[in-house]
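A closer look at the structure
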Amino acid sequence: MVTTPEQLRDSLDAIAVLEPGFAAALARVGYPLPRMREPGYETLLRTIVGQQVSVAAAAAVWRKLEAELGEGCAPDQLLSRDFDALRACGLSRQKQGYARSLAELVTSGEIDLHALPEDDEEAIALLTQVKGIGRWSAEIYLLFAEGRPDVWPAGDLAVQIEVGRILGLPERPSERQTRALAEAWRPHRGAAAIMAWHHYNTEVL
């Protein structure tokens, strides 16, 4: 798991032994902190609300939704509202479709977000049954809501950029190359992703 600073540090130390580039990056920017979120429906719904909008805009929509639906925007409450009510909260037609898909799968029991398969790929396959939740969103959920240690979002642009920088590559690796480069870092790839974002967001003098 990568839910505590100690777990994250241990995983990154294990990668640093294998990969000098990571050892040098840790020396430059230090260790990142965990970025945990609460597991469950609300976190995935917030992910949908926040897609392709600013943090401030997403927060404004969420406040309106909670005012309309109650704290946490319970799935049964969401499903009971019509298009206009949700539109007034700031949800586009497309995002309403995504939100309803999530609410329906949760209320029907087809997805139990508190008992996802232990196998990461099986969990990703289940999460991507929700409309609007692609592989990247599923990986981010598993990494930050469940602290899964070996989730590797190789399609993330910042991860690709920083893996290239950390390893001293001449250009940004593709998703396939980023996935291949990290094979040696199993079962600590989740920590490598957190480190990549930390490196991306830290100014190096």
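Everything here concerns the structure above.
As a convention, each chain's residues are numbered from 1 in the sequence order in which they are written. Reporting of local features is limited, given that this is a predicted model, to residues whose pLDDT is at least 70; pairs of side-chain atoms are given and counted only at 80 or more, and all residues count toward the totals for whole chains, interfaces and linings. Side-chain figures throughout are based on the complete set of non-hydrogen atoms in the structure, without hydrogens or water.

1. A closer look at the overall build of the protein chain
Here a strand is any run of E in DSSP of at least two residues, a helix any run of H or I of at least four, and the numbering for each starts at the N terminus. From N to C terminus, the protein chain includes twelve helices and zero strands. Along the protein chain, from the amino end to the carboxyl end, the secondary structure elements read α-α-α-α-α-α-α-α-α-α-α-α. With the radius of gyration taken over C-alpha atoms, the globule rule is written as 2.2 Å times the number of residues to the power 0.38. For 205 residues, the compact-globule estimate of 2.2 N^0.38 gives 17 Å, and the protein chain sits close to it at 19 Å. Along the first, second and third principal axes, the C-alpha atoms of the protein chain reach 55 × 35 × 30 Å. Within the protein chain, the proportion of its 205 residues that are buried is 44%. A fraction of 64% describes how many contacts in the protein chain between residues 6 or more apart in sequence connect residues 24 or more apart. Residues scored as charged are limited to Lys and Arg (positive) and Asp and Glu (negative), so that His and the chain ends carry no count. Where a charge sits is defined by one atom per residue type, namely NZ (Lys), CZ (Arg), CG (Asp) or CD (Glu). Of the side-chain charges in the protein chain, 21 are positive and 29 negative, and the distance between the mean point of each set is 7 Å. Three exposure classes are used, based on accessible area relative to the maximum for each residue type with a 1.4 Å probe and protein chains only: buried under 20%, partly exposed in between, and exposed over 50%. It only takes one pair of heavy atoms within 4.5 Å for two residues to be counted as in contact.

2. Details of empty space enclosed by the protein
A cavity, in this analysis, means grid points on a 1 Å lattice covering only the protein atoms where a 1.4 Å probe fits yet has no way out; a pocket is instead an open set bounded by protein on both sides within 12 Å along at least five of seven lines, and a residue lines either one if it has an atom within 4 Å of a point. Grid points are joined across faces, edges and corners, and a volume is the space filled by probe spheres set on the points. Applying the stated criterion across every chain, the model contains one cavity of 30 Å³ or more. Lining the largest cavity are Arg-37, Thr-43, Thr-47, Ser-137, Ile-140 and Tyr-141. Put simply, the parts of the chain that give the lining of the largest cavity at least two residues each are helix H3 (41–49) and helix H9 (135–144). Each residue gets one label: Ala, Val, Leu, Ile, Met, Phe, Trp, Tyr, Cys and Pro are nonpolar, Asp, Glu, Lys and Arg are charged, and the others, such as Gly, are polar. Residues belonging to the lining of the largest cavity are distributed by class as follows: two nonpolar, three polar and one charged.

3. Quick word on H3
Within the sequence span of H3, burial applies to Tyr-41, Thr-43, Leu-44, Leu-45, Ile-48 and Val-49. Residues of H3 that are buried sit in contact with helix H4 (55–69), helix H5 (75–80), helix H7 (93–108), helix H8 (120–127) and H9.

4. Structural notes on unusual backbone geometry
Note on backbone geometry: most residues besides glycine have negative phi, and most peptide bonds are trans. A cis amide bond links Arg-186 with the next residue in sequence, Pro-187, at an omega value of 0°. Its location among the elements puts Pro-187 in the loop between helix H11 (175–181) and helix H12 (189–200). Even without being a glycine, Gln-52 presents a positive backbone phi close to 60°. With respect to the helices and strands, Gln-52 occurs in the loop between H3 and H4. The exposed category is assigned to Gln-52, whose relative accessible area is 81%. Here the phi dihedral of Cys-73 falls at roughly 50°; this positive angle occurs in a residue that is not glycine. Examined against the element boundaries, Cys-73 turns out to sit in the loop between H4 and H5.

None of this, on its own, says anything about what the molecule does.
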